[in-house]
Amino acid sequence: MESEVDGILVAAHELKAPLAVLRQLALALGEISVDDEEIRTEMIKVSERAMRQVNDLAKMRRLEEGMFKMEPVAVREVCDAVTSELKYLFEAGERELLVKYTNRSRLAMANRELLQSVIYNFLINAVHYSNKNTRSQLSVFETKGKLRVAVRDFGPTLPTDIFKELKTGQILKPTSIAMRPGSSGLGLYIASKFAQFMNAEIGAVRHQDGTSFYVNLPVSRQMSLF
Amino acid sequence: MIFVIDDDLTMAKCIKRACGRADVRIFANAIEAMELIARGELPELIFLDILLDGPDGFTFLNELVSYVDTSKISVVVVSSLDFSGRDLSNYGVVGILNKETMTPEEILAYVK
């Protein structure tokens, strides 16, 4: 088992190297036309997204090593960082992203890096599977003593089998989501693992016109200084 | 003269190009670079990958700081490993660039 997991780490490094090179090559192109600039930007962003996913896989190995500390995390700030990174993707795909914060408790017990990955995966999912000209929503609010970060998208609703698996609190393995073409379910699987590590609950709400994915985080008792 | 030590030739070429200078030499491993340094060719700056074929970047850094004349060479670590929060200044490291996020402008800034 140990050698199998280490194989994942080696594979992650091997995969990251060409992606980093591809990104550098795109950056090295110098001055180019406006149309080509769009292609370059897309090349860079696609490489960065792929590297992030590979990094997430490597993080899963580090979970077992106890590399991620739980601490009070300012949830809105994490959401702001991720939305700012992905805003361009929504715009490029002719979709909107609405952000709504109504939480009174500012801090949750989590790991900032892992929480960032969970939210990132939810939002990437929303970008890919929302229909054009729809407005996805990222919201943070309190429910039953927990802080909930939810991402509502407007695309094919989540199939019942995945929904049922999510209800158990974790995804056991990546599973292709048939109604969401091209999805390997890897992002959801990774988010599930990270949530599990943070003692958080991951789940989904099915709507007629889409799905909300959420993670419920324990509220931190530490008083906020801000 | 600037040295780029990286076993990924394409990445090394990207760094060389970003340096904007002609006197940039590329090495695929630390041994080749060390041999040239031992012959008296001291670079002003080295861009160094850490995970290399053969001796790794830290072995190379240890060699550099072991000698008076080479301990003064500025080194920029270029790696996809996470060195955030690590102080490598004892190794003569003046900067750390992450391969996943660095830009040609950041590379050039160290050259300047």
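What you see is a predicted model; the values in this text were computed from it and never measured.

So, the packing of aromatic side chains
Then, number 1: If you walk through the whole model with that rule in mind, you get 4 aromatic pairs over all chains.
Then, number 2: Ring plane angle 25° and centroid distance 5.9 Å describe the contact between Phe122 of chain A and Phe213 of chain A, whose orientation is recorded as stacked. Note that Phe122 of chain A is positioned in helix H4 (residues 112-129) and Phe213 of chain A in strand E7 (residues 210-218), a separation of 91 residues in sequence.
Then, number 3: An aromatic cluster is defined as three or more aromatic residues linked by ring pairs; in this entry it consists of Phe58, Phe83 and Tyr91 of chain B.
Then, number 4: Between Arg148 of chain A and the ring centre of Tyr214 of chain A, over which it is positioned, the NZ or CZ distance is 3.6 Å.

A short note on the sheet that holds strand E3 (residues 45-48) of chain B
Residues and elements named next belong to chain B.
Then, number 1: In spatial order, the strands read E2-E1-E3-E4-E5; together these 5 strands make up an open sheet with parallel pairing. A single partner strand is all that each edge strand has here, and the edge strands are strand E2 (24-27) and strand E5 (93-98). Averaged over all pairs of adjacent strands, the angle between strand axes in this sheet comes to 15°, irrespective of strand direction.
Then, number 2: Of the strand pairs in this sheet, strand E4 (residues 74-79) and E5 are connected by 5 bridges, and their pairing is parallel. Within the sheet, the bridge partner assigned to Val76 lies in E5 and is Gly95.
Then, number 3: Across the sheet, helix H5 (residues 104-111) is in contact with strand E1 (2-5), E3, E4 and E5; its angle to E5 comes to roughly 170°.

Points about H5 of chain B
Residues and elements named next belong to chain B.
Then, number 1: Within H5, burial applies to Pro104, Ile107 and Val111. Burial along H5 is one-sided: seen end-on, the buried residues are contained in an arc of 65°. Turned more than 90 degrees away from the buried face of H5 sit Glu105 and Ala109, all of them exposed.

Notes on the pattern of salt bridges
Then, number 1: Following the criterion strictly, the structure yields 16 salt bridges over all chains and no others.
Then, number 2: A salt bridge links Glu48 of chain A to Arg23 of chain A; its shortest N-O distance comes to 2.8 Å. Taken as a pair, Glu48 of chain A in helix H2 (residues 34-64) and Arg23 of chain A in helix H1 (residues 2-27) lie far apart in primary sequence, 25 residues in all.
Then, number 3: In this structure, Arg21 of chain B and Asp23 of chain B form a salt bridge, with 2.9 Å as the shortest nitrogen-oxygen distance.
Then, number 4: A relative accessible area of 33% places Asp23 of chain B in the partly exposed class.

Quick word on unusual backbone geometry
All names here are of chain A.
Then, number 1: A positive phi angle is found at Asn133, which is not glycine, with a value near 60°.
Then, number 2: When its relative accessible area of 65% is taken as the criterion, Asn133 is described as exposed.
Then, number 3: Positive phi outside glycine occurs at Asn199, with the angle close to 55°.
Then, number 4: Along the polypeptide, Asn199 turns up in the loop between helix H6 (186-197) and strand E6 (201-207).

Calculation criteria
- Residues numbered from 1 in each chain as written.
- Chains lettered and ligands numbered in written order.
- Predicted model: local features only at pLDDT ≥ 70, side-chain atom pairs only at ≥ 80, totals over all residues.
- Heavy atoms only, no water.
- Phe/Tyr/Trp six-rings, centres within 6.5 Å; stacked < 30°, edge-to-face > 60°.
- Helix = DSSP H or I, 4+ residues; strand = E, 2+ residues; numbered from the N terminus.
- Lys NZ or Arg CZ within 6 Å of the ring centre and 35° of its normal.
- Pairing = 2+ DSSP bridges.
- Axes fitted to C-alpha atoms, helices over the stretch in contact; angles between N-to-C directions.
- Contact = heavy atoms within 4.5 Å.
- Buried < 20%, exposed > 50% of the residue type's maximum accessible area, 1.4 Å probe, protein only.
- Arc of directions from axis to C-beta.
- Salt bridge = Lys/Arg side-chain N within 4 Å of Asp/Glu carboxyl O.

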